[in-house]
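# Analysis of the macromolecular model
So the chains spell out like this:
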Amino acid sequence: MKILFYDTKIYDKESFNYNLKGKYKNIVIDYLESDISVTTAGLASGYDAVCVFVASNVNAEVIKILSKCKVKLILLRCAGYNNVNLKTAEKYGITVMRVPAYSPEAVAEHAVALALAVNRKIHKAYIKVRENNFSLVGLTGRNFHSKTAGIIGTGKIGTATCKILKGFGMKILAVDDNKNKELDFVTYTDLDTLLKESDLISLHCPLTTETYHLIDKVNIEKMKDGVLLVNTSRGALINTNDLIDGIRDRKFVGVGLDVYEEEDNNVFENREDDILESSITARLLSFPNVIVTSHQGFLTGEALSSIAITTLENSYQFENGTIIDANLVKATV
């Protein structure tokens, strides 16, 4: 099987090349730094599959071009698939496969790291000390112990987050249609109750038509004053303009974002010499109680290895007709 990789970073190439052995040794991979688009999709001619990442826009036009190139498989080296037009892929007989769980602990740990850093003003303290300013003024945080954490979504990542926060001595509330029986220490409740009672709210649900802008002006008003909000899932779960209004109204003691709306042009790219066109991004970065990271929740050695192995296994199974349904992404009506 020949696979063309789009939007490749050095850590992708190193991880996949390291795992091209054993039963995967006959898989041939070529790497492109550029992402997939209507301009670059035609480069897939002669390849059996393409491999894309979370920020790639695999829209209907791109899929039509891939079909003309006789591509039969789209490999997502990520869990999310809202960036792929699944109905068009199905129409043209192109299979879509993903990595449903590469390292839930990696993302959960990053979510908690954001919460801790924002709460204890680590970002401000780091800058102050580098300027030989050892004053503690402006660095007061709050204990997590005995506070209430609200976890929206208790899939594998949300479950891992619950377990970590339980270790801090927090009371855990959760919202999910599918209750995880493993989480016997978690109190499942409705969204309104979670919003009203939580001191820390962390988002771990997929982006769907139902969850788009789940955190908006109405739901922000339901939250406690001084709440801490973390999002390591998908940017569009939060209406960013409403979030900014809430920050300005002093609703939030802090916000930690590994994902945010309009991140597509920034994520994984070095733009230090650019003037950011997006006023939303610039405004988020202007607030002293907001930490934004560049969609790096997944970025651990263990997670990269798991992504590589699962993606290679997906291509191997496709080639041999032994696809595992759990990794297959199908269009829904």
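Above this text is the structure in question.
Below, the structure is looked at part by part. (Residues numbered from 1 in each chain as written. Predicted model: local features only at pLDDT ≥ 70, side-chain atom pairs only at ≥ 80, totals over all residues. Heavy atoms only, no water.)

## What about the overall build of the protein?
Check the secondary structure of the protein and you find eleven helices and 13 strands. A compact globule built from 333 residues would reach a C-alpha radius of gyration of about 20 Å, and the protein, at 21 Å, matches this within 12%. A principal-axis box enclosing the C-alpha atoms of the protein has dimensions of 60 × 50 × 35 Å. Long-range contacts, defined here as pairs at least 24 residues apart, represent 69% of the contacts in the protein between residues at least 6 apart. Split by element, the accessible area of the protein, about 16,500 Å² in all, is 51% carbon and sulfur. The average position of the 38 basic charges and that of the 41 acidic charges among the side chains of the protein differ by 3 Å. (Helix = DSSP H or I, 4+ residues; strand = E, 2+ residues; numbered from the N terminus. Rg over C-alpha atoms; globule rule 2.2 N^0.38 Å. Contact = heavy atoms within 4.5 Å. Areas by Shrake-Rupley, 256 points an atom, 1.4 Å probe, with all protein chains shown as cover. Lys, Arg positive; Asp, Glu negative; His and termini not counted. Charge placed at Lys NZ, Arg CZ, Asp CG, Glu CD.)

## As for the packing of helix 4 (residues 104-119) against helix 6 (residues 156-167)
Where helix 4 meets helix 6, the closest approach of the two axes is 8 Å, and the angle between their N-to-C directions is 50°. In this view, helix 4 runs oblique relative to helix 6, as classed from their interaxial angle. As for the relative orientation of helix 4 and helix 6, their crossing is right-handed in sense. Only Lys156, Ile157, Ala160, Thr161, Ile164 and Leu165 of helix 6 make contact with helix 4, whose side of the interface consists of Pro104, Glu105, Val107, Ala108, Glu109 and Val112. (Axes fitted to C-alpha atoms, helices over the stretch in contact; angles between N-to-C directions. Parallel < 35°, antiparallel > 145°, perpendicular 65-115°, else oblique. Left-handed = near helix turned anticlockwise from the far one by under 90°.)

## Focus: the packing of aromatic side chains
One pass over the full model with this rule turns up five aromatic pairs. Measuring from ring centre to ring centre gives 4.7 Å for Phe5 and Phe16, while their planes differ by 75°; the resulting arrangement is edge-to-face. With Phe5 in strand 1 (residues 2-5) and Phe16 in helix 1 (residues 10-19), the pair connects residues that are eleven residues apart, well separated along the chain. Look at Phe16 and you get buried, because its relative accessible area is 1%. Between Phe53 and Phe298 the ring centres are 5.2 Å apart and the planes differ by 65°, which places this aromatic pair in the edge-to-face class. Within this pair, whereas Phe53 is found in the loop between strand 3 (49-52) and helix 2 (60-68), its partner Phe298 is found in the loop between strand 12 (290-292) and helix 11 (301-320), the two being separated by 245 residues in sequence. Residues Phe53 and Phe298 agree in their burial class; the two are buried. When the ring centre of Tyr18 is taken as origin, the NZ or CZ atom of Lys21, which lies over that ring, is 4.0 Å away. Taking NZ or CZ as reference, Lys166 lies 5.3 Å from the ring centre of Phe185, over its face. (Phe/Tyr/Trp six-rings, centres within 6.5 Å; stacked < 30°, edge-to-face > 60°. Buried < 20%, exposed > 50% of the residue type's maximum accessible area, 1.4 Å probe, protein only. Lys NZ or Arg CZ within 6 Å of the ring centre and 35° of its normal.)

## Remarks on the sheet that holds strand 12
The strand order across the open sheet formed by seven strands is 8-7-6-9-10-11-12, and the pairing between neighbours is parallel. Taken across any chain shown, the strands that pair with only one partner, and hence form the sheet edges, are strand 8 (186-188) and strand 12. Strand after strand, the sheet turns through a mean of 15° between neighbouring axes, direction not considered. Helix 6 contacts strand 6 (148-152), strand 7 (171-175), strand 8 and strand 9 (200-203) of the sheet and is inclined by roughly 175° relative to strand 6. (Pairing = 2+ DSSP bridges.)

## Description of the side chain of Asp258
Note that Asp258 resides in the loop between strand 11 (252-257) and helix 10 (279-286). For the buried Asp258, which has no salt bridge, the nearest side chain bearing the opposite charge is Arg234, at an N-O separation of 8.2 Å. Within polar-contact distance, the side chain of Asp258 engages the side chain of Thr293 at 2.6 Å. Residues contacting Asp258, with those up to four places away along its chain left out, are His110, Leu114, Asn231, Thr232, Glu263, Thr293, Ser294, His295, Gln296 and Gly297. (Salt bridge = Lys/Arg side-chain N within 4 Å of Asp/Glu carboxyl O. Polar contact = N/O pair within 3.5 Å; in protein donor to acceptor, adjacent residues only side chain to side chain.)

## Brief notes about the nonpolar core
Core analysis: the biggest nonpolar cluster contains 48 residues, and Ile3, Ile36, Val58, Leu66, Ile74 and Val96 have the highest contact counts within it. Broken down by secondary-structure element, the contributors of at least two residues to this core are strand 1, strand 3, helix 2, strand 4 (73-76), helix 3 (86-91), strand 5 (95-97), helix 4 and helix 11. The element contributing the most residues to this core is helix 11, with five residues. Apart from the residues lying within four places of it in its own chain, the contact partners of Leu66 are Ile36, Ala41, Ala44, Val50, Val71, Ile74 and Ile94. (Core = buried A, V, L, I, M, F, W, Y, C linked by side-chain atoms within 4.5 Å.)

## Side note on the pattern of salt bridges
Here the idea is simple: oppositely charged side chains can pair when their charged atoms come close. Inspection of every chain in the model, using the stated rule, returns eight salt bridges. Among the ionic pairs, Lys163 bridges to Glu182, the shortest N-O distance being 2.3 Å. A residue pair is termed long-range when its members are at least 10 positions apart, and Lys163 in helix 6 and Glu182 in the loop between strand 7 and strand 8 qualify at 19 residues. With relative accessibility at 45%, the residue Glu182 sits in the partly exposed group. Of the charged contacts in the structure, one is a salt bridge between Lys222 and Asp192, with a shortest N-O distance of 2.8 Å. Taken together, the residues Lys222 in helix 8 (residues 217-222) and Asp192 in helix 7 (residues 191-197) connect sequence positions 30 residues apart. Classification of Asp192 as partly exposed rests on a relative accessible area of 31%.

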